[in-house]
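# Overview (structure and organization)
So the chains spell out like this:
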Amino acid sequence: MSCPVDDQTSSIDLPVWNTSKALSPCCLSSLAFACKEWGFFEITNHGISRDFCKKLNSLSRHIFMVPSQVKVRGAGPSSTLKTYTPHFIASPFYESLRVNGPDFFTSAQTSSQAILKQSNPEFSEMISEYGSKMTDLSTRIIEMLLMCLGDGLKKQLLSEFRHCHGYLRINNYTSESIIKSLEEEEEVEGLGMHTDMSCITIVYQDEIGGLQVRSKEGKWMDINPRNGNLVVNIGDLMQAWSNGKFRSSEHRVVLRQCSSRFSIAFFWCFEDKKTIFAPSPIVGDENLRLYRPFLCADYLKFRENREIGKFEKVGFTVQHFAGIK
Ligand SMILES: O=C(O)CCC(=O)C(=O)O
Ligand SMILES: [Fe+2]
C-alpha cells in the first residue's frame, strides 16, 4: 500500500447540482446519468462555507496531534467503539475519527473528551452543525435520486428511507517523511480502493485534492470539485436497493507531494435491521433481480469480518455478498 502509484489519470467533469435551485429536467437527467455511470456527482450552495471547513480542520487537528498511543487508548478498543481508526489500519497515511448521529454534539464531546481529556465545546458545536446540515442534504439527495428513478417514485418509495441514520468520519492524511521523498509526479495511496457501505456519502475535501473514482473500464479519474462543491457518491446499500440502477463505484485517495490532507465523509445509511430488497416498481415487470434480499446489519458484518485490519478494502462488496449471477 505504501508503494508509489503510477497509473496515468485524467480528471472527470461531474454534473453539479445547485441545491438552492429547482431541479430542471435537464439537470435531473444529467444527475441520473452520472449516478448510473460514475456513482458520483457534486453539489453546490450546500450551506457549508470554506471558512467553516477551515476552522473545523484546525479544531480537528488538535485532536489528531495528540500522541498516537493516547488516541488509541482514549478512544477505547476500536473494534467495539469504532471511534478512532489509527494509522496502519486502512493505510499508513490515514487516521480518522468517527462521530455518530443523530446526536452529533454528544458523540463529538465523548470522542474529544476521551482523546484530549477535556471536552471541546467549540468542536462539538461545529460538528453538530455540520452533521445536521448533512442530514438535511442527505434527505434531499435521496428525494432527488428517487426522482431520477422515475415519475411518481419519490412519493411511493420515500418511506423506505425514513429510518436512515448518518455518521461522520473526519479523515486526516499525513505522511510527511514519505511524501517529501516522492518524485514530483509520484503518488501513494492515502486510502486504498474501496466502495462505501452507505446509501450515499457526502465528502468535503480540502484544496489538496486526491480523491479518485475508478471507471467501468478500470481507469482512475481525478475528482477535483470546484468552488467548494461537495462530492456525493452512491454507496453499496443504494446500489443493491436500486437493483443496480445506481452504481457504487470503487474510489480511493492518492497523496502527492504535500504534508497533509483533510476531509470529512458523511455516510447516510439504512438502519441495521432493514431488509434490503429492491422494490418492484424499480425492478420492473421482467423481475430481473440482481441481488437477493439481505439484512443491512449482515452486510456490514460481512464487510467488517472479512477484512481484518483492512478497513474498507474492495474485493468484498455487495456484489459478492448478495449478487445473483
Ligand atoms: O478522503 C476522501 O476524500 C474520501 C474518503 C472516503 O472515501 C471514505 O471515507 O470512504
Ligand atoms: Fe469512500
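Provided above is the structure to which this section pertains.
Residues numbered from 1 in each chain as written. Chains lettered and ligands numbered in written order. Predicted model: local features only at pLDDT ≥ 70, side-chain atom pairs only at ≥ 80, totals over all residues. Heavy atoms only, no water.

On to the site of ligand 1. Taken together, 13 residues are adjacent to ligand 1, and Tyr173, His194, Asp196, Arg261 and Ser263 come closest. With respect to ligand 1, the side chain of His194 contributes an N or O atom lying 3.0 Å from an oxygen atom. Taking Arg261, its side chain carries an N or O atom lying 2.9 Å from an oxygen atom of ligand 1. In isolation ligand 1 exposes 290 Å². Once the protein is present, 100% of that is buried. Broken down by secondary-structure element, the contributors of at least two residues to the shell around ligand 1 are strand 7 (165-174), strand 8 (187-194), strand 13 (251-255) and strand 14 (260-269). It is strand 14 that contributes the most residues to the shell around ligand 1, 4 residues altogether. Here the residues of the shell around ligand 1 sort into 7 nonpolar, 4 polar and 2 charged. (Near = heavy atom within 4 Å. Polar contact = N/O pair within 3.5 Å; in protein donor to acceptor, adjacent residues only side chain to side chain. Areas by Shrake-Rupley, 256 points an atom, 1.4 Å probe, with all protein chains shown as cover. Helix = DSSP H or I, 4+ residues; strand = E, 2+ residues; numbered from the N terminus. Nonpolar A, V, L, I, M, F, W, Y, C, P; charged D, E, K, R; others polar.)

His194 (NE2), Asp196 (OD) and His251 (NE2) make up the full set of protein donors to the iron ion (ligand 2), lying at 2.1 to 2.2 Å. Here the donor residues of the iron ion (ligand 2) share one chain and are spaced in sequence as H-x1-D-x54-H. Here Asp196, found in the loop between strand 8 and strand 9 (200-205), pairs with His251, found in strand 13; they are 55 residues apart in sequence, far enough to count as distant. For the pair shown, Asp196 and His251 are each scored as buried. (Donors = N, O, S within 2.8 Å, 3.2 Å for Na, K, Ca; no water. Buried < 20%, exposed > 50% of the residue type's maximum accessible area, 1.4 Å probe, protein only.)

Since its relative accessible area comes to 5%, His251 is described here as buried. Remark: the alpha-carbon pair of His251 and Ser215, spanning 36 residues in sequence, is separated by 9.2 Å. Setting aside chain neighbours within four positions, we find His251 in contact with Phe40, Gly192, Met193, His194, Thr195, Asp196, Leu211, Gln212, Val213, Trp220 and Asn233. Of note is the side chain of His251, whose polar atom sits 3.0 Å from the backbone oxygen of Ser249. (Contact = heavy atoms within 4.5 Å.)

With that out of the way, let us pick up the pattern of salt bridges. Two side chains that carry opposite charge are able to pair once their charged atoms sit near each other. This model, assessed by the stated rule, comprises 13 salt bridges. A salt bridge links Glu95 to Lys71; the shortest N-O distance between them is 2.7 Å. Of this pair, Glu95 sits in strand 6 (residues 94-100) while Lys71 sits in helix 3 (residues 68-75), and the two are 24 residues apart along the sequence. Between Arg256 and Glu187 there is a salt bridge; the shortest N-O distance is 2.8 Å. Separated by 69 residues along the polypeptide, Arg256 in the loop between strand 13 and strand 14 and Glu187 in strand 8 bring together distant segments of the chain. Judged by relative accessible area, which is 7%, Glu187 ranks as buried. Salt bridges linked by common partners bring Glu187, Asp222 and Arg256 together as one network. (Salt bridge = Lys/Arg side-chain N within 4 Å of Asp/Glu carboxyl O.)

On to helix 5 (residues 104-116). With 13 residues, helix 5 extends 17 Å from end C-alpha to end C-alpha; this agrees with the ideal 18 Å at 1.5 Å per step. Those residues of helix 5 that sit buried are Phe104, Ser107, Ala108, Gln109, Ser111, Ser112 and Ile115. Once helix 5 finishes, Lys117 follows within two positions and takes phi at roughly 65°, a positive value. (Expected span 1.5 Å × (residues − 1).)

For any pair of aromatic rings, the description consists of the separation of the ring centres together with the inter-plane angle of the planes. Considering all chains together, one arrives at 13 aromatic pairs under this definition. Site record: aromatic cluster; members linked through ring pairs are Phe294, Tyr299, Phe302 and Phe321. If you follow Arg261 out to its NZ or CZ, it ends over the ring of Tyr173, 4.9 Å from the centre. Lying over the aromatic face of Phe277, Arg289 brings its terminal NZ or CZ to 3.8 Å of the ring centre. (Phe/Tyr/Trp six-rings, centres within 6.5 Å; stacked < 30°, edge-to-face > 60°. Lys NZ or Arg CZ within 6 Å of the ring centre and 35° of its normal.)

Turning to unusual backbone geometry, a few remarks are in order. Residue Pro102 follows Gly101 across a cis peptide bond; omega there is 0°. In this structure, Pro102 sits in the loop between strand 6 and helix 5. Positive phi, close to 55°, is recorded for Asn243, a residue that is not glycine. Mapped onto the elements of the fold, Asn243 is located in the loop between helix 9 (236-241) and strand 13.

This part takes up the packing of helix 2 (residues 50-64) against helix 6 (residues 121-149). The contact between helix 2 and helix 6 brings their axes to 10 Å, and the two run at 130°. One element, helix 2, and the other, helix 6, form an angle in the oblique class. The interaxial crossing formed by helix 2 with helix 6 has left-handed handedness. Contacts from Phe52, Lys55, Leu56, Leu59, Ser60 and Ile63 in helix 2 reach Glu122, Phe123, Met126, Ile127, Glu129 and Tyr130 in helix 6. Tallied by class, the residues present in the contact of helix 2 with helix 6 amount to 8 nonpolar, 1 polar and 3 charged. (Axes fitted to C-alpha atoms, helices over the stretch in contact; angles between N-to-C directions. Parallel < 35°, antiparallel > 145°, perpendicular 65-115°, else oblique. Left-handed = near helix turned anticlockwise from the far one by under 90°.)

This part is about the nonpolar core. The nonpolar side chains of a soluble globular protein tend to be buried with one another. Ranked by size, the top nonpolar core spans 90 residues in total, and within it Tyr130 and Trp241 carry the most contacts. Ranked by the residues each element gives to this core, the list is headed by helix 6, at 13 residues. Tyr130 has contacts with Ile48, Phe52, Leu56, Leu168, Tyr204, Leu230 and Ile264, leaving out every residue within four places of it along the chain. (Core = buried A, V, L, I, M, F, W, Y, C linked by side-chain atoms within 4.5 Å.)

In the contact formed by helix 5 and helix 6, the axes pass within 8 Å of each other and the chain directions differ by 140°. What the angle tells us is that helix 5 and helix 6 run oblique. Crossing handedness for the pair helix 5 and helix 6: right-handed. For the pair helix 5 and helix 6, the contacting residues are Phe104, Phe105, Ala108, Gln109 and Ser112 in the first and Pro121, Phe123, Ser124, Glu125, Ile127, Ser128, Gly131, Ser132 and Thr135 in the second. When the residues that make up the contact of helix 5 with helix 6 are grouped by side-chain class, the tally is 6 nonpolar, 7 polar and 1 charged.

Distances and angles like these do not, on their own, reveal function.
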